[in-house]
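Chain and residue survey
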Amino acid sequence: MASSALEIQGLEKRYGEQAAVDGVDLQLAPGESLAIIGHNGAGKTTLMKLILGLTRPSAGTIQRWSWRGGAPRPAAASEGIGFLPESVNFPGAVSGGQRLRFYARLKGAGKQECAQLLELVGLSDAADRKINTYSKGMRQRLGLAQALLGSPELLLLDEPTSGLDPFLRQHFYAIIGQRQAAGASVIISSHALTEIEARTDRIAIMQRGRVLALGSLATLREQAALPVEIKVRHTAVPMAELEALAAGAATLQSMGELSTRFSCTESEKLALLQRLSARPDIVQDLSLHPPGLDDLYAYFVNGGDT
Ligand SMILES: Nc1ncnc2c1ncn2[C@@H]1O[C@H](COP(=O)(O)OP(=O)(O)OP(=O)(O)O)[C@@H](O)[C@H]1O
């Protein structure tokens, strides 16, 4: 029995000599979320277009399963997919409500669902206003409502939060989380690395059409084995005392007279923290900084060089 919502094998898309997508293998489970990150031109949008069936692969296969009604069955190309494109272009002369109802008719969704979605994305009060009076964030929210029509089993979101302020971004991820909890799988392409790192189950790092690394944040950290940093605020002590606390397990960098950065491996971290916390006469405060997605991204796209 299928346990994937999406399975991609050996996927390629060539434009002449150039491979926009080059040998991608990927699986997505029902309810799972995946972030695709990569430089401009890495192939993120092309991968989404291939999944949507908007463009045909040069090689490889894409299989999807529908989980509606219990037992999984193979799903047709774009069946059950909600798509939020990178630039949402709506005609300005119609209202947001009219436009959403237009898409609802295409997707076989009802007027009641339109009203619920406008409420969900916070556009109920603006539903009768023409779209050309909407801010960028309002258009983006209308785009999200459009993508959610018909409760899709797979959501493809191409840089979905680029026009949203921090509050709306949180609201956006809360909505996506609800859909995931209801079983929808989600693929988000994003350049907002700090924002995305805690929001998705797995991350795929793409470069020149290839997936360089794929896994949860914890898996990527394990693979990269980048140092963990511990920033320590301490009393005025000679460097030799701090080096004794490091016990050869960390490199030290002074950040001023009363502050030092300790860098150690993940496996040395706990023992070092114990030694530091056992000396309250020296250590006044500390904060732990594991490598973030921006560090991991730089590591993988530079071929494993720190
Ligand atoms: N229709 C096309 N014809 C020719 N080349 C294309 C076409 N579509 C995409 N490409 C090329 O394929 C590569 C991948 O493009 P794609 O838009 O998928 O990248 P991306 O990762 O989404 O970039 P961005 O972050 O800028 O949105 C780029 O080099 C792009 O120029």
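Residues numbered from 1 in each chain as written. Predicted model: local features only at pLDDT ≥ 70, side-chain atom pairs only at ≥ 80, totals over all residues. Heavy atoms only, no water.

As recorded by an unreviewed UniProt entry, the protein carries the name ABC transporter ATP-binding protein and is attributed to Seongchinamella unica. Of the comments in the UniProt record for the protein, the one headed Sequence similarities (unreviewed entry) reads "Belongs to the ABC transporter superfamily." (UniProt positions renumbered as here; feature names shortened; annotations may be inferred.)

1. Observations regarding the domain arrangement of the protein
Examined at the domain level, the protein breaks down into domain 1 (1–80 + 152–226), domain 2 (90–148) and domain 3 (227–290). Distance from the C-alpha centre of domain 1 to the C-alpha centre of domain 3: 39 Å. (Domains from an automatic or database assignment.)

2. Observations concerning the UniProt feature "domain: ABC transporter" (unreviewed entry) in the protein
UniProt annotation of "domain: ABC transporter" (unreviewed entry) refers to residues 6–233 when read in the numbering used here. Secondary structure content for residues 6–233 is 32% helix and 30% strand, while the C-alpha to C-alpha distance between its ends is 48 Å. (Helix = DSSP H or I, 4+ residues; strand = E, 2+ residues; numbered from the N terminus.)

3. Brief notes about the nonpolar core
Judged by nonpolar contacts, the single largest core of 50 residues is most densely connected at Ile 205 and Leu 293. Ignoring anything within four residues of it in the chain, the contact list for Leu 293 reads Ile 37, Leu 193, Ile 196, Glu 197, Ile 203, Leu 217 and Leu 220. Grouped together as the second largest cluster of nonpolar side chains are 22 residues, Val 24, Leu 34, Leu 156 and Met 206 included. (Core = buried A, V, L, I, M, F, W, Y, C linked by side-chain atoms within 4.5 Å. Buried < 20%, exposed > 50% of the residue type's maximum accessible area, 1.4 Å probe, protein only. Contact = heavy atoms within 4.5 Å.)

4. Some points on the sheet that holds strand 14 (residues 283–289)
Across the sheet, which stays open at both edges, the four strands sit in the order 12-13-11-14 with antiparallel pairing between neighbours. Of all the strands in the sheet, the pair left with one neighbour each is strand 12 (250–254) and strand 14. Within this sheet the neighbouring strands show an average axis-to-axis angle of 25°, counted without direction. Across the sheet, helix 8 (residues 239–246) lies against strand 11 (228–234), strand 12, strand 13 (259–264) and strand 14, angled at about 155° from strand 12, the strand it touches most. (Pairing = 2+ DSSP bridges. Axes fitted to C-alpha atoms, helices over the stretch in contact; angles between N-to-C directions.)

5. A closer look at helix 10 (residues 293–301)
By the burial criterion, the buried members of helix 10 are Leu 293, Leu 296, Tyr 297, Tyr 299, Phe 300 and Val 301. In this fold, the buried residues of helix 10 make contact with strand 3 (33–38), helix 6 (193–197), strand 9 (202–207), strand 10 (210–215) and helix 7 (217–224). Two residues or fewer after helix 10 comes Gly 303, characterised by a positive phi angle close to 70°.

6. As for the site of the ligand
Lining the immediate surroundings of the ligand are 14 residues, of which Gln 18, Gly 41, Lys 44, Thr 45 and Thr 46 lie closest. Here Gly 43 contributes a backbone N or O atom positioned 2.9 Å from an oxygen atom of the ligand. A distance of 2.7 Å separates an oxygen atom of the ligand from a polar side-chain atom of Lys 44. Out of a free accessible area of 640 Å², the ligand has 64% covered by protein chains. At the level of elements, strand 2 (18–28) and helix 1 (44–52) are the ones that each hand at least two residues to the shell around the ligand. In terms of residues, the shell around the ligand owes the most to one element, helix 1, which gives three residues. (Near = heavy atom within 4 Å. Polar contact = N/O pair within 3.5 Å; in protein donor to acceptor, adjacent residues only side chain to side chain. Areas by Shrake-Rupley, 256 points an atom, 1.4 Å probe, with all protein chains shown as cover.)

7. Focus on the sheet that holds strand 7 (residues 154–158)
Across a sheet, paired strands are connected by hydrogen bonds in the backbone, their directions being either parallel or antiparallel. Spatially, 6-7-8-3-9-10 is the arrangement adopted by the six strands of the open sheet, whose pairing is mixed. Edge positions in the sheet fall to strand 6 (81–84) and strand 10, since each has one partner strand and no second. Each strand of the sheet is rotated relative to its neighbour by a mean of 15°, with strand direction disregarded. On the sheet, helix 4 (residues 136–148) packs against strand 6 and strand 7 and is oriented at approximately 170° with respect to strand 6.

8. Considerations on the packing of aromatic side chains
Summed over the entire model, instances satisfying the criterion amount to four aromatic pairs. Between Phe 90 and Tyr 103 the ring centres are 6.2 Å apart and the planes differ by 65°, which places this aromatic pair in the edge-to-face class. Highlighted residues: Phe 90 in the loop between strand 6 and helix 2 (96–107) and Tyr 103 in helix 2, separated in sequence by 13 residues. Assessed through its relative accessible area of 11%, Phe 90 is described here as buried. Taken together, a centroid distance of 5.1 Å and an interplanar angle of 85° make the contact between Tyr 299 and Phe 300 edge-to-face. Both residues of the pair, Tyr 299 and Phe 300, belong to the buried class. An aromatic cluster is built from Phe 90, Phe 102 and Tyr 103, whose rings are joined through pairwise contacts. (Phe/Tyr/Trp six-rings, centres within 6.5 Å; stacked < 30°, edge-to-face > 60°.)

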